Amino acid sequence: MAGIYTWALRLSYLSFALQMVVIYYLLSRRLWSVYPGLLAYISVNVLQGCLLFFLYRHWGYRDYRTARVAWGSEILSLLGRAWAIADICRLLLGRYRGVWGLAWRLLLALACGLVFYALASAGMVWDWAVLKANIGLELSTVMVLVALFLFARHYEIAASPGIRALALGFFVYSGFTVLNDKILQIRLGPYVPGWQVFATLPFIGSICLWIWAVRQPVAKTVQETTVLPRDVYYALTPEVNQRLRVLNERLSRLWGHEEHRR
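Remember, it's a predicted structure, so these values are computed and weren't measured experimentally.

**Comments concerning the nonpolar core**
One finds Tyr 35, Leu 38, Ile 88, Phe 170 and Trp 210 to be the most contacted residues of the largest nonpolar core, which totals 48 residues. At the level of elements, helix 1 (2-28), helix 2 (36-58), helix 3 (64-93), helix 4 (97-121), helix 5 (126-154), helix 6 (161-186), helix 7 (188-214) and helix 10 (242-261) are the ones that each hand at least two residues to this core. No fewer than three residues from each of domain 1 (2-226) and domain 2 (228-262) sit in this core. Beyond its immediate sequence surroundings of up to four residues, Leu 38 is in contact with Val 22, Leu 26, Ala 84, Asp 87, Leu 166, Phe 170, Trp 210 and Val 214.

Right, here's the structure in full:
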């Protein structure tokens, strides 16, 4: 058992160092406006790690106060991760205002549904509600990313290597987290040390993908394409096929009517 805790601690140190690398690249390359969700998510994780390290030394690992703070801080991590997933959708669909209008409304409805599901299924016990919300978010992440890239492939929307790597990192981490949390629900006490190890390993792999992603020249391309007028953009990008153009314009008119009624 002591060996598992040692490995978990070492992996936590490695994870912390790699997350600092991500923050460094985001700040040094001035990508905070392109990946604000990723920056918020990683920053919350780093601050959460520092806080828990202090609490473990001050109160101990098994103290109920430590557990309360740990689960409470996880809420901010969930919000940051949801923001990062929304950023991926924005990076792919933001050029198409009508399609993006539909996407962010669906994401918002999904987020509200997750909160309701977590509170209802956990019986208003907030730490279990956080765990339920975490599992729901990971499942939703997998489904959203699969649906997003199937949509992009169907309508021939090009995704840069950086965006694909960013999405793959969240997809891998979410898939492993769902399995890990399900096991934790079944065997809460005995599995906690193993849960920490198996939660950190895929996260480290995901961070490596994110480091590669933020080093790619995606920011300038995204910013340049989003500021072009619609007619100019369609004239300069022949890869936008007629079906996507029709869909985008119909949705744009729909959201335009809604805003006009308001």
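**Observations concerning unusual backbone geometry**
Phi angles above zero are rare outside glycine, and Arg 30 is one such case at about 55°. Its location among the elements puts Arg 30 in the loop between helix 1 and helix 2. Look at Glu 156: it is not a glycine, yet its phi comes out positive at around 55°. Tracing the chain through its elements places Glu 156 in the loop between helix 5 and helix 6.

**Regarding the pattern of salt bridges**
Applying the stated criterion across every chain yields a total of 2 salt bridges. Asp 87 is the salt-bridge partner of Arg 90, the closest N and O atoms lying 3.3 Å from each other. Highlighted residues: Arg 90 and Asp 87, both in helix 3, separated by 3 residues, approximately one helical turn. Residue classification places Arg 90 among the partly exposed positions, given a relative accessible area of 24%.

**With respect to a nonpolar patch on the surface**
Nonpolar side chains collect at one region of the surface, where Val 146, Leu 150, Leu 168 and Phe 171 lie side by side and expose about 340 Å² of accessible area between them. Broken down by secondary-structure element, the contributors of at least two residues to the nonpolar patch are helix 5 and helix 6.

**Focus on the layout of surface pockets**
Gaps between atoms show up when a probe of the same size as a water molecule is rolled over them. Quantified by volume, the second largest pocket comes out at close to 660 Å³. Every residue lining the second largest pocket is counted, 25 residues in all, and those nearest its centre are Leu 78, Leu 79, Ala 82, Ala 111 and Leu 137. Elements supplying a minimum of two residues to the lining of the second largest pocket: helix 3, helix 4 and helix 5. Broken down by element, the lining of the second largest pocket gets its largest block of residues, 10 residues, from helix 4. Residues of the lining of the second largest pocket, tallied by class, amount to 23 nonpolar, 2 polar and no charged.

**Digging into the environment of Leu 31**
Within the element layout of this structure, Leu 31 appears in the loop between helix 1 and helix 2. With relative accessibility at 4%, the residue Leu 31 sits in the buried group. Here the alpha-carbon distance between Leu 31 and Arg 215, two residues 184 residues apart in the chain, equals 9.9 Å.

**Overview of the environment of Leu 52**
With respect to the helices and strands, the residue Leu 52 is situated in helix 2. Separated by 18 residues in the primary sequence, Leu 52 and Ala 70 place their C-alpha atoms 6.8 Å from one another.

**Thoughts on helix 2**
Compared with an ideal rise of 1.5 Å per residue, which puts 23 residues at 33 Å, helix 2 spans 33 Å between its outermost C-alpha atoms and is within 8% of the ideal. For helix 2, the full list of buried residues reads Gly 37, Leu 38, Leu 39, Tyr 41, Ile 42, Asn 45, Val 46, Gln 48, Leu 52 and Leu 55.

Procedures and definitions
- Residues numbered from 1 in each chain as written.
- Predicted model: local features only at pLDDT ≥ 70, side-chain atom pairs only at ≥ 80, totals over all residues.
- Heavy atoms only, no water.
- Core = buried A, V, L, I, M, F, W, Y, C linked by side-chain atoms within 4.5 Å.
- Buried < 20%, exposed > 50% of the residue type's maximum accessible area, 1.4 Å probe, protein only.
- Helix = DSSP H or I, 4+ residues; strand = E, 2+ residues; numbered from the N terminus.
- Domains from an automatic or database assignment.
- Contact = heavy atoms within 4.5 Å.
- Salt bridge = Lys/Arg side-chain N within 4 Å of Asp/Glu carboxyl O.
- Patch = residues over 30% accessible without salt bridge, like charges linked within 9 Å, V, L, I, M, F, W, Y side chains within 5 Å.
- Areas by Shrake-Rupley, 256 points an atom, 1.4 Å probe, with all protein chains shown as cover.
- 1 Å grid on protein atoms, 1.4 Å probe; cavity = no way out; pocket = protein on both sides within 12 Å on 5 of 7 lines; lining within 4 Å.
- Points joined across faces, edges and corners; volume = space filled by probe spheres on them.
- Nonpolar A, V, L, I, M, F, W, Y, C, P; charged D, E, K, R; others polar.
- Expected span 1.5 Å × (residues − 1).

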